[in-house]
Amino acid sequence: MEKLILDGTKVAEGVKASLKERVEELKKKGKTPCLATILVGDDPSSETYVRMKGNACQKIGIDSKRIHLPEETTTEELLAVIDELNEDEKVDGILLQHPVPSHVDERAAFERIDIEKDVDGVTSFGYGQTALGFGKYPSCTPAAILRIIDDYEIPVKGKHAVVIGRSPILGKPVSALLLNRDATVTTCHSHTQNLPDIVKQADIVIAAVGRPEFVKGDWIKKGAVILDAGYNKGNIGDVDYDACYENASAITPVPGGVGPVTISMLLKHTVDAAEEKTFN
Ligand code: NAP
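Report on the accompanying structure. (Residues numbered from 1 in each chain as written. Predicted model: local features only at pLDDT ≥ 70, side-chain atom pairs only at ≥ 80, totals over all residues. Heavy atoms only, no water.)

## Some thoughts on the sheet that holds strand β6 (residues 184-188)
Piece 1. With respect to topology, six strands assemble into an open sheet ordered β1-β9-β8-β7-β5-β6, the strand pairing being parallel. Taken across any chain shown, the strands that pair with only one partner, and hence form the sheet edges, are β1 (4-5) and β6.
Piece 2. Inspection of the sheet shows strand β5 (residues 160-164) paired to strand β7 (residues 204-207) by four bridges, in the parallel sense. Bridged to valine 163 within β7 is isoleucine 206. (Pairing = 2+ DSSP bridges. Helix = DSSP H or I, 4+ residues; strand = E, 2+ residues; numbered from the N terminus.)

Right under this line is the structure:
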């Protein structure tokens, strides 16, 4: 069977090339899109992620305003910083890097982000809009998964999509996006019984579990399409790639699959938000 390796790096390059042109048009109007990132504490992986996102902005001409708060920041202090960014006319998007330290009320912080600047799709309002089918900025990894599906023209309508994971930023919104595209969606989680049997029915498998090589080769129906959102220590996905590759018709690698497209979706949402302000 012919295999398709779904090349996320290539998809991301395409997105970024079109964004560069849009940023240039905005600059002609005197507007430079700006993404504010907030990092609380000194978690090294979070620092790396925030740096990568800031650098990605700069490469395509988006301003990045980086705010690094100390570990002992209180919820109230964080909310005050978000309020300031909400008020700041220059800022088009706000990204609060998560997880935040455990003493901070992460949900309260997410909810404080102005819906117009929620380019990372973390507010419950944004999630609700996404679920109802008119969200402007769905959470970035689900948006990336749909972008890969669209770029490779993978049929979704009427297909059985099995999503493994139900987190607010990944499993739930990607399930909603697929449902809105007329897939029949089964969302699985840690209490799901007979998971392998359910995955065996899938035309499209979305792995969003957070466990290395969790999805096994003999769970995959012949011809299924696999999108692996997992990103575990050592650049390992949530899918046992070599074994799953055998039966799949298309599969995302890790790294080089969903990850790079996720960042490009954050950039896209920031440019969308800047355009909305400038042209509407
Ligand atoms: P999460 O919040 O930890 O959620 C994991 C989900 O997997 C939960 O819904 C959990 O079920 C479910 N789960 C755990 N063990 C399971 C099992 N044995 N059987 C079935 N379901 C199980 O993780 P997340 O933030 O959604 O991230 C998931 C993965 O995507 C991670 O590898 C993460 O690194 C990656 N990720 C990648 C990107 C990217 O840009 N590529 C972005 C975000 C996340 P319960 O709800 O029942 O606990």
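Having seen the model, we can carry on.
## Considering a negative patch on the surface
Piece 1. Together, Asp42, Asp43, Glu71, Glu72, Glu76 and Glu77 make up a region of like negative charge exposed at the surface.
Piece 2. Considering the arrangement of structural elements, one finds glutamate 76 in helix α3 (residues 75-87).
Piece 3. On the accessibility criterion, glutamate 76 (58% relative accessible area) is exposed. (Patch = residues over 30% accessible without salt bridge, like charges linked within 9 Å, V, L, I, M, F, W, Y side chains within 5 Å. Areas by Shrake-Rupley, 256 points an atom, 1.4 Å probe, with all protein chains shown as cover. Salt bridge = Lys/Arg side-chain N within 4 Å of Asp/Glu carboxyl O. Lys, Arg positive; Asp, Glu negative; His and termini not counted. Charge placed at Lys NZ, Arg CZ, Asp CG, Glu CD. Buried < 20%, exposed > 50% of the residue type's maximum accessible area, 1.4 Å probe, protein only.)

## A few points about the pattern of salt bridges
Piece 1. Inspection of every chain in the model, using the stated rule, returns 16 salt bridges.
Piece 2. One salt bridge in this structure joins glutamate 275 and arginine 22, with 2.8 Å as the shortest N-O distance. One end of the pair, glutamate 275, is in helix α10 (residues 258-279); the other, arginine 22, is in helix α1 (residues 8-28), and 253 residues separate them in sequence.
Piece 3. On the basis of relative accessibility, which here comes to 22%, the residue arginine 22 falls in the partly exposed class.
Piece 4. A salt bridge links arginine 147 to aspartate 151, with the shortest nitrogen-to-oxygen separation between them at 3.3 Å. In this pair, arginine 147 and aspartate 151 both sit in helix α6 (residues 140-151), four residues apart, roughly one turn of the helix.

## Quick word on the pairing of β5
Piece 1. Counting buried positions along β5 yields five of five residues, so the element is predominantly enclosed.
Piece 2. Along β5, one buried face is formed by His160, Val162 and Ile164 and the opposite face, lined by Ala161 and Val163, is buried too.

## A short note on the nonpolar core
Piece 1. Core analysis: the biggest nonpolar cluster contains 46 residues, and Ile62, Ile145, Leu178, Ile206 and Leu227 have the highest contact counts within it.
Piece 2. Of all elements in the fold, only α1, α2 (44-59), α6, β5, α7 (171-180), β7, β8 (225-228) and α10 reach the threshold of two or more residues within this core.
Piece 3. Per-element accounting of this core gives the leading share, nine residues, to α10.
Piece 4. With sequence-adjacent residues up to four places away left out, isoleucine 206 is seen in contact with Ile145, Val162, Val163, Ile164, Val174, Leu178 and Leu227. (Core = buried A, V, L, I, M, F, W, Y, C linked by side-chain atoms within 4.5 Å. Contact = heavy atoms within 4.5 Å.)

## Some details on the packing of α1 against α10
Piece 1. Look at α1 against α10: their axes get within 9 Å of each other, and the N-to-C directions meet at 20°. Taken together, the axes of α1 and α10 are roughly parallel relative to one another. For the pair α1 and α10, the crossing hand works out as left-handed. Contact residues: α1 offers Gly8, Thr9, Val11, Ala12, Val15, Lys16, Leu19, Arg22, Val23 and Leu26, while α10 offers Pro260, Val261, Ser264, Met265, Leu267, Lys268, Val271, Asp272, Ala274, Glu275, Thr278 and Phe279.
Piece 2. Counted by class, the contact of α1 with α10 contains 13 nonpolar, four polar and five charged residues. (Axes fitted to C-alpha atoms, helices over the stretch in contact; angles between N-to-C directions. Parallel < 35°, antiparallel > 145°, perpendicular 65-115°, else oblique. Left-handed = near helix turned anticlockwise from the far one by under 90°. Nonpolar A, V, L, I, M, F, W, Y, C, P; charged D, E, K, R; others polar.)

## Overview of the site of the ligand
Piece 1. Residues in close proximity to the ligand total 22 residues, the closest being Arg166, Ser167, Ser190, Ala229 and Tyr231.
Piece 2. In this structure, an oxygen atom belonging to the ligand sits 2.6 Å away from a side-chain N or O atom of serine 190.
Piece 3. Between the ligand and the protein, one listed contact pairs an oxygen atom with a backbone N or O atom of valine 209 at 3.4 Å.
Piece 4. Across the complex, the protein chains shield 70% of the 920 Å² of accessible surface that the ligand would expose by itself.
Piece 5. Tallied by class, residues from the shell around the ligand come to nine nonpolar, ten polar and three charged. (Near = heavy atom within 4 Å. Polar contact = N/O pair within 3.5 Å; in protein donor to acceptor, adjacent residues only side chain to side chain.)

## Let's talk about the sheet that holds strand β3 (residues 63-69)
Neighbouring strands of a sheet are bound in pairs by backbone hydrogen bonds; such pairs are parallel or else antiparallel.
Piece 1. Taken in spatial order, the three strands line up as β3-β2-β4 in an open sheet, and their pairing is parallel. Here the strands that pair on one side only, and so sit at the sheet edges, are β3 and β4 (93-96). Strand-to-strand twist across the sheet, computed as the mean angle between neighbouring axes with direction ignored, equals 15°.
Piece 2. Sitting on the sheet, α2 is in contact with β2 (34-40), β3 and β4, with an inclination near 160° to β3.
Piece 3. Across the sheet, α3 is in contact with β2, β3 and β4; its angle to β2 comes to roughly 175°.

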